[in-house]
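# Structure at a glance
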Amino acid sequence: MIPTEEIENINKGWLTLNIIWAAMLISVFIYLFVGLYMEDKISIPIEKNIFDILRNTLYIVSFVTLIATKYIRKLVLSGKGLSNVKKAYQQSNQNIQHPALARYTTAMIIALAMSESIGIYGLILFFLGKNQLDLYLLILISAAAMLYYRPKKEEVISMAKELKEPRTVA
């Protein structure tokens, strides 16, 4: 069981976490509106074969980004390789954020940034090829990934419980 003061500490940072998530999700839709608004105003000449190669490359990069996001998020949440971050947290009296919330925030921002990049690829393809399908599809994938990686309080609370329990070495 987590003490009440730790739950209150987590609740203090929860609003900030949701604001970050909402802002990043809204930014993807801003890309959509900017792309559609600027469709006739921006003309970038590019050869069709070069565009096709770039299009295929960005779709592959988007797919790899989508898959990698899950594993990178999981790695950050597990805390592997974060011993320097833990030491810095323990030495800092300025940081009042709960360690579980700090780790969760870092993992969430990384996952959201990677997901948002997929929408940016769609915007780039749209400006180059004027194909609305590229814009809509990659923005939709980006937004869906951001919804999937939205903040979940249960995950933070379970992380706080795990951090509280002493680990046994088998």
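A quick note: this is a predicted structure, and the numbers were derived from the prediction, not measured.

### Observations concerning the overall build of the protein
Helix and strand content of the protein: six helices and zero strands. Sequence-ordered secondary structure for the protein, helices as α and strands as β, is α-α-α-α-α-α. Here the protein holds 170 residues, and 36% of them are scored as buried. If you take every contact in the protein between residues at least 6 apart in sequence, the share linking residues at least 24 apart comes to 88%. Accessible area for the protein stands at about 10,600 Å²; split by element, carbon and sulfur atoms hold 65% of it.

### Some remarks on the packing of helix H4 (residues 99-129) against helix H6 (residues 153-164)
Relative to each other, H4 and H6 sit at 130°, their axes nearing to 8 Å. Relative to H6, H4 is oriented oblique. In the crossing of H4 with H6, the sense of the turn from one axis to the other is right-handed. The segment H4 lies against H6, with Pro99, Ala100, Leu101, Arg103 and Tyr104 engaging Glu155, Val156, Met159, Ala160 and Leu163. Here the residues of the contact of H4 with H6 are counted per class, giving eight nonpolar, no polar and two charged.

### As for the packing of aromatic side chains
Per the stated rule, a full pass over the model turns up two aromatic pairs. Judged by centre distance (6.2 Å) and plane angle (40°), the rings of Phe126 and Phe127 are tilted. Phe126 sits in the buried class, given a relative accessible area of 0%. Arranged with centres 4.9 Å apart and planes meeting at 80°, the rings of Tyr148 and Tyr149 form a pair that is edge-to-face. Judged by its relative accessible area of 52%, Tyr148 is exposed.

### Considering the confidence of the model for the protein
Put simply, the protein has an average pLDDT of 85, and 84% of its residues get 70 or more. The weakest mean pLDDT in the protein belongs to helix H3 (residues 83-91) at 49; the strongest belongs to helix H5 (residues 132-148) at 96. pLDDT under 50 marks residues 88-94. Its contacts with residues more than four places away, or in other chains, come to four contacts.

### Quick look at the packing of helix H2 (residues 48-78) against H4
Taken N-terminus to C-terminus, the directions of H2 and H4 make an angle of 175°; their axes are 9 Å apart at the nearest point. Between H2 and H4, the crossing angle belongs to the class labelled roughly antiparallel.

### Some remarks on the environment of Gln132
As for its position among the elements, Gln132 is in helix H5. A residue is classified by how much of its surface remains accessible, and Gln132, at 30% relative accessible area, is partly exposed. Residues Gln132 and Glu39, 93 residues apart in the sequence, show an inter-C-alpha distance of 9.3 Å.

### A look at the nonpolar core
One finds Leu112 and Met146 to be the most contacted residues of the largest nonpolar core, which totals 29 residues. At the level of elements, helix H1 (4-37), H2, H4, H5 and H6 are the ones that each hand at least two residues to this core. Residue contributions to this core peak at 10 residues, all from H4.

### What about the side chain of Lys152?
Locating Lys152 in the fold gives a position in the loop between H5 and H6. Buried and unpaired, Lys152 has no salt bridge, with Glu155 as the nearest side chain of opposite charge at 4.3 Å. Residues contacting Lys152, with those up to four places away along its chain left out, are Trp14 and Tyr104.

The rules we used
- Residues numbered from 1 in each chain as written.
- Predicted model: local features only at pLDDT ≥ 70, side-chain atom pairs only at ≥ 80, totals over all residues.
- Heavy atoms only, no water.
- Helix = DSSP H or I, 4+ residues; strand = E, 2+ residues; numbered from the N terminus.
- Buried < 20%, exposed > 50% of the residue type's maximum accessible area, 1.4 Å probe, protein only.
- Contact = heavy atoms within 4.5 Å.
- Areas by Shrake-Rupley, 256 points an atom, 1.4 Å probe, with all protein chains shown as cover.
- Axes fitted to C-alpha atoms, helices over the stretch in contact; angles between N-to-C directions.
- Parallel < 35°, antiparallel > 145°, perpendicular 65-115°, else oblique.
- Left-handed = near helix turned anticlockwise from the far one by under 90°.
- Nonpolar A, V, L, I, M, F, W, Y, C, P; charged D, E, K, R; others polar.
- Phe/Tyr/Trp six-rings, centres within 6.5 Å; stacked < 30°, edge-to-face > 60°.
- pLDDT = per-residue confidence, 0-100.
- Core = buried A, V, L, I, M, F, W, Y, C linked by side-chain atoms within 4.5 Å.
- Lys, Arg positive; Asp, Glu negative; His and termini not counted.
- Salt bridge = Lys/Arg side-chain N within 4 Å of Asp/Glu carboxyl O.

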